[in-house]
Amino acid sequence: MDADALTPVHLDKVMDGLAVNSALPAPMVRRLFAWPRGGGKVARRRDLTEDMLAEIIAMDDHWLLHGLALNDRLPDRFRIRLAAHPDKTVRSALVVRAATAPREMLEQLIDDPDPQVRAYLARGQHTPPDLRARLVADSVPSIRAALAKHWTQAPEAVRRILLTDPEAEVRAAACSTYFAHRPHPVPPSDLLPTLLADPVTRAGAVIHAVLDADTLLRLAGDPDSEVRAELARHPDLPPSVREALAVDPALNVRVKVFARPDTPEHVRAQIHTSVHELSRSMADPSPDADDETVLQWYQDVAAPTELRILRLQWVTADPLPHIDSPYVGFRVSAALSKALPADAVARLLDDEEEIVRLTMARTAPHLVDPTTAENIERRYRRRDKFTFWWDNEEVLPFPSEALRRFATDPEPRLRSFAPRDPNLPSELAEKLASDPEDRVRRAVAPHRNLPLPSLYRLLGARGGGRRCLAVPPRRAHGVDADPGGPVAVHGSRRNSARAAKTWNRSCRTSCPRKPCGTRQVVGGDPVGDERSGDAGRVRPVGGHSLEVDPGADDSLPQPALGDRRLATGRVRAPEPPSATSRKCGARRKPRPQGRAQHGRPPRRGPCAPEAAAGQALSGVTWPVRDTTVVCVRCARA
């Protein structure tokens, strides 16, 4: 196999996959340290030796050090060493992975001069309590607010300080309707009158208040709809106040009354109807509206969706009366119960609402037979953000016979299930690797029975012979071509990453060494056959002439990452663009070198554009588009 035979179209994704490939040899791991666009992924490997760790630190590359700080297996002495690094993002990354960090490192960072590092310590669940308590006196209010929001089980002395903080931002975070973790804290009873009198803490204190007549009257007439909504949740709410809040002008207040277990059914039905009707007829806020008005408009518009996604614990505790409820949120809450009988489960699995079917299947997958499971999958449509999670999880198991039948199913989703069979025949895996749907190719990419030629195609390689050059990713993505040819027409970014993750050294010994012959380059002129007089030359899209050394040997490519010289491929000077455009006759101008893109200045230093269209990886040259100048180190225009 020659030096041009393994040229990934989506090179960045292939390198990302190799960075996390556990079968990658140690010398190749070291070579990845110099890959400038790796984002530090190679530094998160768990098999890095101490010599490699010292080498990464000595390189002082931002992304490598950031990835190293996120490495759970980093020895303590290296963590303590990185805790003194001048880059705040490296120190912050150490805090993010502080579950196994030594106390000495945390003591060093608790007084860090940068607020970002201390904010991560305030949010972190692995910060020792005594060190975390020191942040209650931090000079930055946002850090104290983060501490109040994330440390819900702080000692009472700490909670008192935060609840009486002079900054409104801190008090609002300490007594809120939403906290980052459960269980939510309960404020001290002696502070409740003060918290109810404070506008920023009133909504969070209502649920804990003792509702006497004066308090009820004051809270029911509060101008803040969030306060009235929290009052509607109070367990001791009198029926008269509940009936008044059921017709509140703010729809989010009505939703809270709808969700109460003691709301009469006729009132619940009236709320459900009125919320949908008023939400549809609501006018948009004027451009001059204040923030409170706009926020209330958003809450009113979202009220029907809130009704649909309600998760009611009292319904889940007693689900049988609600499995035929006319309200979707009630049926979803019933489907969350693990104590339903088989007939109730079957009814919910066949519910008209998809969110109900998926919730029931996730709660009791062991009660879903293969026929029902296939029916659920065939009916699934990714309609909204509340059901898209189903498309990313393997909830329902299928027998091998069904999975192999799915390999030839006309539905792409079901074809993507076929690689779940660990013993999928290689001929089926090869067929799925050439599937026109990206999700199918992405699913089969890591399969152990995928033949090597198919793996090359998924990697985006023009496999097989010395005549193979890479096609620009924008031209190659999603275009059909001869599957035996050198063009990686199905090499999508995610396919390339998955295939690279599963590539191992066994691929070295079984690579085909056959010349490609005459093949068609997507979007360009045909590649010359070695038997023709045009051997060694290809003219891809953009008018650039590339030459390939026909004398390259058949060894496995050994990429020289970071090397600024061109390897096997050589690039001729680009041909001048046509004087006029074919469409409108306008004059065509080449892109200037070093042009700022998206408001950013042109890159300098090692990534400054150079007058060479290539990237020295795997002994190949990457063709360029139009007259773009490409850096030979990072292949960026």
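Residues numbered from 1 in each chain as written. Predicted model: local features only at pLDDT ≥ 70, side-chain atom pairs only at ≥ 80, totals over all residues. Heavy atoms only, no water.

(A) Summary view of the overall build of the chain. When its secondary structure is counted, the chain shows 33 helices and three strands. Out of the 637 residues in the chain, the part that is buried amounts to 49%. Taking as baseline every contact in the chain between residues at least 6 positions apart, the subset at least 24 positions apart corresponds to 56%. When the accessible surface of the chain is totalled, it reaches about 31000 Å², and 52% of it is carbon and sulfur. (Helix = DSSP H or I, 4+ residues; strand = E, 2+ residues; numbered from the N terminus. Buried < 20%, exposed > 50% of the residue type's maximum accessible area, 1.4 Å probe, protein only. Contact = heavy atoms within 4.5 Å. Areas by Shrake-Rupley, 256 points an atom, 1.4 Å probe, with all protein chains shown as cover.)

(B) Quick peek at the packing of aromatic side chains. For the structure shown, the criterion picks out nine aromatic pairs. With a centroid separation of 6.4 Å and an interplanar angle of 65°, the aromatic rings of Phe406 and Phe417 are classed as edge-to-face. With Phe406 in helix α27 (residues 400-406) and Phe417 in the loop between α28 (412-415) and α29 (426-433), this residue pair connects regions lying 11 residues apart in the sequence. Phe417 sits in the buried class, given a relative accessible area of 3%. Grouped by ring-pair contacts, the aromatic residues Phe258, Trp314, Tyr327 and Phe330 constitute a single cluster. Residue placement shows Arg268 over the ring face of Phe258; its charged tip is 5.8 Å from the ring centre. (Phe/Tyr/Trp six-rings, centres within 6.5 Å; stacked < 30°, edge-to-face > 60°. Lys NZ or Arg CZ within 6 Å of the ring centre and 35° of its normal.)

(C) Representation of the environment of Leu251 in the model. Within the secondary structure, Leu251 sits in helix α18 (residues 251-258). When its relative accessible area of 1% is taken as the criterion, Leu251 is described as buried. Ignoring sequence-local partners within four residues, the contact set of Leu251 consists of Val275, Leu278, Ser279, Met282, Gln296, Asp300 and Ala303.

(D) Molecular detail of the packing of helix α16 (residues 225-232) against α18. The contact between α16 and α18 brings their axes to 8 Å, and the two run at 5°. Taken together, the axis directions place α16 and α18 in an arrangement best described as roughly parallel. Residues Ser225, Arg228, Ala229 and Ala232 of α16 lie in contact with α18, whose contacting residues are Asn252, Val253, Lys256 and Val257. Its residues assigned to classes, the contact of α16 with α18 shows four nonpolar, two polar and two charged. (Axes fitted to C-alpha atoms, helices over the stretch in contact; angles between N-to-C directions. Parallel < 35°, antiparallel > 145°, perpendicular 65-115°, else oblique. Nonpolar A, V, L, I, M, F, W, Y, C, P; charged D, E, K, R; others polar.)

(E) Main features of the layout of surface pockets. Space inside the largest pocket adds up to approximately 1500 Å³. Together, 46 residues line the largest pocket, and Thr177, Arg182, Glu230, Arg233 and Lys256 are the ones closest to its centre. Sorting the residues of the lining of the largest pocket by element identifies α11 (156-163), α14 (202-206), α16, α18, α20 (291-301) and α22 (313-317) as the ones contributing at least two each. Residues of the lining of the largest pocket, tallied by class, amount to 26 nonpolar, 10 polar and 10 charged. (1 Å grid on protein atoms, 1.4 Å probe; cavity = no way out; pocket = protein on both sides within 12 Å on 5 of 7 lines; lining within 4 Å. Points joined across faces, edges and corners; volume = space filled by probe spheres on them.)

(F) Spatial organisation of unusual backbone geometry. In this model, Arg182 is joined to Pro183 through a cis peptide bond whose omega is 0°. Mapped onto the elements of the fold, Pro183 is located in the loop between α12 (168-174) and α13 (192-197). For Asp60, which is not glycine, the phi dihedral falls at a positive 55°. Along the chain, Asp60 turns up in the loop between α3 (50-59) and α4 (62-69).

(G) A look at the environment of Gly39. Structurally, Gly39 can be placed in the loop between α2 (26-32) and α3. Distance in space between the C-alpha atoms of Gly39 and Trp63 is 5.3 Å, their sequence separation being 24 residues. If sequence neighbours within four positions are ignored, Gly39 has contacts with Arg44 and Trp63.

(H) Region of interest: the pattern of salt bridges. Under the definition given, this model contains 42 salt bridges. Taking the shortest distance from any N to any O, the salt bridge between Glu55 and Arg30 comes out at 2.4 Å. Taken together, the residues span a long stretch of sequence, with Glu55 in helix α3 and Arg30 in helix α2 at a distance of 25 residues. Since its relative accessible area comes to 33%, Arg30 is described here as partly exposed. It is possible to trace a salt-bridge network through shared partners that takes in Glu377, Arg382, Asp391, Arg413 and Arg439. (Salt bridge = Lys/Arg side-chain N within 4 Å of Asp/Glu carboxyl O.)

(I) Representation of α4. Buried residues dominate α4, accounting for six of its eight residues. Residues of α4 that are buried: Leu64, Leu65, His66, Gly67, Leu68 and Ala69. In this structure, the buried side of α4 is in contact with α3, α5 (76-82) and α6 (88-96). Between a side-chain oxygen at the N-terminus of α4 and the backbone nitrogen of Trp63 the separation is 3.2 Å; the capping residue is Asp61. (Polar contact = N/O pair within 3.5 Å; in protein donor to acceptor, adjacent residues only side chain to side chain.)

(J) The arrangement of the side chain of Asp438 in detail. For Asp438, the position within the fold is in helix α30 (residues 438-444). A polar contact is formed between the side chain of Asp438 and the side chain of Arg442, at a distance of 2.5 Å.

(K) The arrangement of helix α31 (residues 452-459) in detail. Of all eight residues in α31, seven are buried, a share of seventy percent or more. Within α31, burial applies to Leu452, Ser454, Leu455, Tyr456, Arg457, Leu458 and Leu459.

(L) Fine view of the packing of helix α23 (residues 328-335) against helix α25 (residues 354-363). It is at 8 Å that the axes of α23 and α25 come closest, and there the two elements cross at 10°. By the angle between their directions, the pair α23 and α25 is classed as roughly parallel. Of the residues in α25, those touching α23 at Val328, Arg331, Val332 and Ala335 are Ile355, Val356, Thr359, Met360 and Thr363. Of the residues belonging to the contact of α23 with α25, the class tally is six nonpolar, two polar and one charged.

(M) Highlighting the side chain of Arg413. Along the chain, the position of Arg413 falls in helix α28. On the basis of relative accessibility, which here comes to 9%, the residue Arg413 falls in the buried class. Apart from residues no more than four positions distant in its own chain, Arg413 is found in contact with Glu377, Tyr380, Trp390, Asp391 and Arg439.

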